[in-house]
Structure formats: structure tokens, C-alpha cells
Amino acid sequence: MSTRWKPSVTVAAIIERDGRYLLVEEHTPEGLRLNNPAGHLDPGEGPVEGCVREVLEETAHRFTPTALLGVYLSRLQRPATGEDITYLRLAFTGTLGEAVPGRALDAGIVRTLWLTLEEVRASRARHRSPLVLRCIEDHAAGRRLPLEAIYTDASVWATPG
């Protein structure tokens, strides 16, 4: 029996304020990289909830998604290990709330920073994924899809058994 291919499902937030985009600088197996606030979808959560959680963990701010930017697929082959990973990313845009007092950034996150589109383009060599810039470019171009385009069945939250 062959092994079923299972891409890693991730969620990302593309947050713009006053012409600048929120990125995180984080430690990765490839060194210090820039990324959108993003991470893996956890068991028992829908994509919208996962994105809200990831933004809180990586930026210490609350986030309210208002639109889906798109669904993206990318592949990474780690130079050091040869590991071959395919990522399926659901990217959202929305409103960043206030910082949560006393909330620390997730392990591995060095800092948050706000960059202009030009600065994001210029820092491409430091991006964790080619999707960092692609999602921001789609946001800047005005791409928005309704959140209703994503459906999460109640079975996702049900207790197994």
C-alpha cells in the first residue's frame, strides 16, 4: 500500500496599515527569515480560527479576518536535510487589534516589523517562502474573497469516539 501524500496546511494573515505590511522575523532551519504571521492549522480548528490564533501567538495582537485573499500551494526542499514539503496556505486579510498586555511572542519569533511593499520586495532573499511576497502582492492588487467561501463542518470540533 502506498503512502498518501499530505500537504502541510497553513494559515497566514496579510495585514496592512498606512501602506506598510506586518511581517515577523523568525528563526527557521534555514536561518533568520521574514514571514507573514502564519503557521500550521491545528487539529480541531477551522482556517479562520487558526489564523486568529497564529496572529496572536506571533504578534501578541488580536486579529479579525475580513476576507480570504486566496489559497496557495508551494513546495520546499530543505538544503540541509533534503526534506521535501508541500504547503497549502490559506491567506486572510483583516483588522489588527490592540496588543494583549503581557503576551509574549511565540518561541522562535524575534520581532515584528512593518515594511512598505517596496521594502518587502527588496527583502525577498530573506523570505521564508515565495508566498510571503505573492500574498502581499495579491493584497496590494485588491484581491478579496468572501470568508463564506470557506466552510468548516462541525465534525472538525467534535470529540472523536
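Residues numbered from 1 in each chain as written. Predicted model: local features only at pLDDT ≥ 70, side-chain atom pairs only at ≥ 80, totals over all residues. Heavy atoms only, no water.

A. Region of interest: helix α1 (residues 47–59). The end-to-end C-alpha separation of α1 is 18 Å, in line with the 18 Å expected for 13 residues at 1.5 Å each. Among the 13 residues of α1, 10 are classified as buried, and the element is accordingly described as predominantly covered. Residues of α1 that are buried sit in contact with β1 (8–14), β3 (20–28), β5 (38–40), β6 (61–77), β7 (84–99) and β8 (109–116). A60 occupies a position one or two residues after α1 and carries a positive phi of about 65°. (Helix = DSSP H or I, 4+ residues; strand = E, 2+ residues; numbered from the N terminus. Expected span 1.5 Å × (residues − 1). Buried < 20%, exposed > 50% of the residue type's maximum accessible area, 1.4 Å probe, protein only. Contact = heavy atoms within 4.5 Å.)

B. Spotlight on the nonpolar core. I14, L23, Y72, A91, L115, V120 and I136 are the most contacted members of the largest nonpolar core, which totals 16 residues. Where this core is concerned, the elements lending two or more residues are β3, β6, β8, α2 (117–122) and α3 (131–140). With 5 residues, α3 is the largest single contributor of residues to this core. If we ignore the near neighbours within four places in the chain, the residues touching L23 are L34, N35, N36, R111, T112, L113, L115, V120, V132 and I136. By size, the runner-up hydrophobic cluster in this structure holds 12 residues, among which are V11, C51, L68 and L90. (Core = buried A, V, L, I, M, F, W, Y, C linked by side-chain atoms within 4.5 Å.)

C. Focus on the sheet that holds β7. Across the sheet, which stays open at both edges, the 4 strands sit in the order β5-β1-β7-β6 with mixed pairing between neighbours. The sheet terminates laterally at β5 and β6, the two strands that pair on one side only. Going across the sheet, the axis of each strand differs from the next one's by a mean of 25°, ignoring polarity. Sheet topology places β1 next to β7; 7 bridges connect them, and they run parallel. Each bridged residue has a counterpart across the sheet, and for T10 the counterpart in β7 is R89. (Pairing = 2+ DSSP bridges. Axes fitted to C-alpha atoms, helices over the stretch in contact; angles between N-to-C directions.)

D. Quick peek at the layout of surface pockets. What the largest pocket holds in volume is close to 300 Å³. Around the largest pocket, the lining comprises 16 residues; the ones closest to its centre are T10, N35, H40, Y87 and R128. For the lining of the largest pocket, the leading source of residues is β5, giving 3 residues. Classifying every residue of the lining of the largest pocket by side-chain character gives 4 nonpolar, 6 polar and 6 charged. (1 Å grid on protein atoms, 1.4 Å probe; cavity = no way out; pocket = protein on both sides within 12 Å on 5 of 7 lines; lining within 4 Å. Points joined across faces, edges and corners; volume = space filled by probe spheres on them. Nonpolar A, V, L, I, M, F, W, Y, C, P; charged D, E, K, R; others polar.)

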